Amino acid sequence: MRKELSKLDYFTLKVFVGLVEFKNGSVVAKKLDTTQPKVSRALSTIREVIQDELFIRRQYGVEPNVMADKLYPIAKNIVQGYEAMAEVTKYLPEKNQLVIAAQEHLAGFLVDSITEVCEQQGIDMSVSIQPWSDNVQELLAQGKIDYAITVNSKPSESVKNIKIGDVRYYFLAAKKGHQFFEQDLTLKGLLENKLVFINYSKVGLSEHWCETYAKEHALDMKVSFKTTSLAMALNHVAKSDDICWTASIFSYLYFNSRSDIDYIDVTNFYENTLFPDGNSTKYDYFLQYHQTHEDDFSKSLSKLLAEKLAIAQEQYEQNKQIHLCK
């Protein structure tokens, strides 16, 4: 065995594994609660021992080369061995914190489920909620956010995407007593009003599917505003004549408790009137987390989220049947 390998202590290997997984020295320093100079020194040590550069510099970090890819699973196993020893020998549980990202009408659903899994597994955990923004996917990839709920998430090498259910319902919501609810639902009648859209898991200038639909069919559509905040949208329509197009069982649970809002289920209108050929876009909910969180906790969390979503949808179907029978 080469004597130089003795220089590869636990910290040095942690730095190496971190650089492969997060591809950014500042992120690794924060994860290890250390400084960037120490991370740089550890990288220099392993480069010297292995006699290979291991990483290629990129604009926003580094990229592992072929040698680094070969060493990664070996180093990962060694680091996990150290951590297993630490787990066996520790006596007092540490206080942990998870950072999550979700739109406000989804955040409670995620927090409650995390709390429930923590109780089941006897884990002491606190949760910090990160406001939804354009860079959530980047923060997930860097490990700065632990969990997020997204709609139709994009695949990523470092981020796990676990489907927890589908967006099954569509609604139109407006202030109580709005004349729109006294008319038969037609596309022409809907477009006579200014519309408010919820951009799910999107911010900025992202085009809502309704806007794309209007362009493709040469329709005149008046958009009041778009937001990721369902609360902001409903507060606006409650005080105006605008109408909000929204979706999912979570929206129903959110505005069903408000006394100043009325709504109608337009799922059939969406699927059969707007898209009679059956070519409407299907939307799904995904739990996202960094690949390093692939453990029993994440598996239990994704399972619980899927179960709770299915129960909420089933209860809504039962309420609809009761309402129709009256």
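The model shown is predicted, which means the values in this text are computed figures rather than measured ones. (Residues numbered from 1 in each chain as written. Predicted model: local features only at pLDDT ≥ 70, side-chain atom pairs only at ≥ 80, totals over all residues. Heavy atoms only, no water.)

(A) Looking closely at the state of the cysteines. Going through the model one piece at a time under the given rule, you end up with 0 disulfides. Cys244 provides the cysteine sulfur closest to Cys210, a residue in no disulfide bond, and the two sulfurs are 10 Å apart. (Disulfide = S-S within 2.5 Å.)

(B) Geometry of the packing of aromatic side chains. Overall, the coordinates contain 24 aromatic pairs when judged by the stated rule. On the basis of an interplanar angle of 20° and a centroid distance of 6.1 Å, the ring pair of Phe171 and Tyr252 is categorised as stacked. Of this pair, Phe171 sits in strand E7 (residues 170–175) while Tyr252 sits in helix H10 (residues 249–255), placing them 81 residues apart in sequence. A relative accessible area of 0% means that Phe171 is categorised as buried. Judged by relative accessible area, which is 8%, Tyr252 ranks as buried. Ring centres 5.8 Å apart and planes at 75° place the aromatic pair Phe171 and Tyr316 in the edge-to-face group. With a gap of 145 residues between them, Phe171 in strand E7 and Tyr316 in helix H12 (residues 296–325) connect regions that are remote in the sequence. Clustering of aromatic rings is evident, with ring pairs tying together Tyr169, Phe171, Tyr252, Phe255, Tyr263 and Tyr316. (Phe/Tyr/Trp six-rings, centres within 6.5 Å; stacked < 30°, edge-to-face > 60°. Helix = DSSP H or I, 4+ residues; strand = E, 2+ residues; numbered from the N terminus. Buried < 20%, exposed > 50% of the residue type's maximum accessible area, 1.4 Å probe, protein only.)

(C) Geometry of the pattern of salt bridges. One pass over the full model with this rule turns up 11 salt bridges. Between Asp241 and Lys175 there is a salt bridge, with the nearest N and O atoms lying 2.9 Å from each other. Pair noted here: Asp241 is in the loop between helix H9 (230–237) and strand E10 (243–247) and Lys175 is in strand E7, with a separation of 66 residues, a long-range link. A relative accessible area of 49% means that Asp241 is categorised as partly exposed. (Salt bridge = Lys/Arg side-chain N within 4 Å of Asp/Glu carboxyl O.)

(D) Quick look at the sheet that holds strand E6 (residues 159–166). Spatial ordering of the open sheet is given by E4-E3-E5-E12-E6, a layout of 5 strands whose pairing is mixed. Only two strands of the sheet have a single neighbouring strand rather than two, namely strand E4 (125–130) and E6. Averaged over all pairs of adjacent strands, the angle between strand axes in this sheet comes to 25°, irrespective of strand direction. The sheet contact formed by strand E3 (residues 96–101) and E4 spans 6 bridges and is parallel. Note on E4: the bridge partner recorded for Gln97 is Ser126. Packing against the sheet, helix H5 (residues 104–121) makes contact with E3, E4, strand E5 (147–151), E6 and strand E12 (284–290), and its axis sits at approximately 155° to E3. (Pairing = 2+ DSSP bridges. Axes fitted to C-alpha atoms, helices over the stretch in contact; angles between N-to-C directions. Contact = heavy atoms within 4.5 Å.)

(E) Looking closely at the nonpolar core. Judged by nonpolar contacts, the single largest core of 63 residues is most densely connected at Trp245, Tyr285 and Leu301. For this core, the element with the most residues is H5, which contributes 8 residues. With 23 residues, the next largest nonpolar core counts Val27, Ala29, Ile46 and Val79 among its residues. (Core = buried A, V, L, I, M, F, W, Y, C linked by side-chain atoms within 4.5 Å.)

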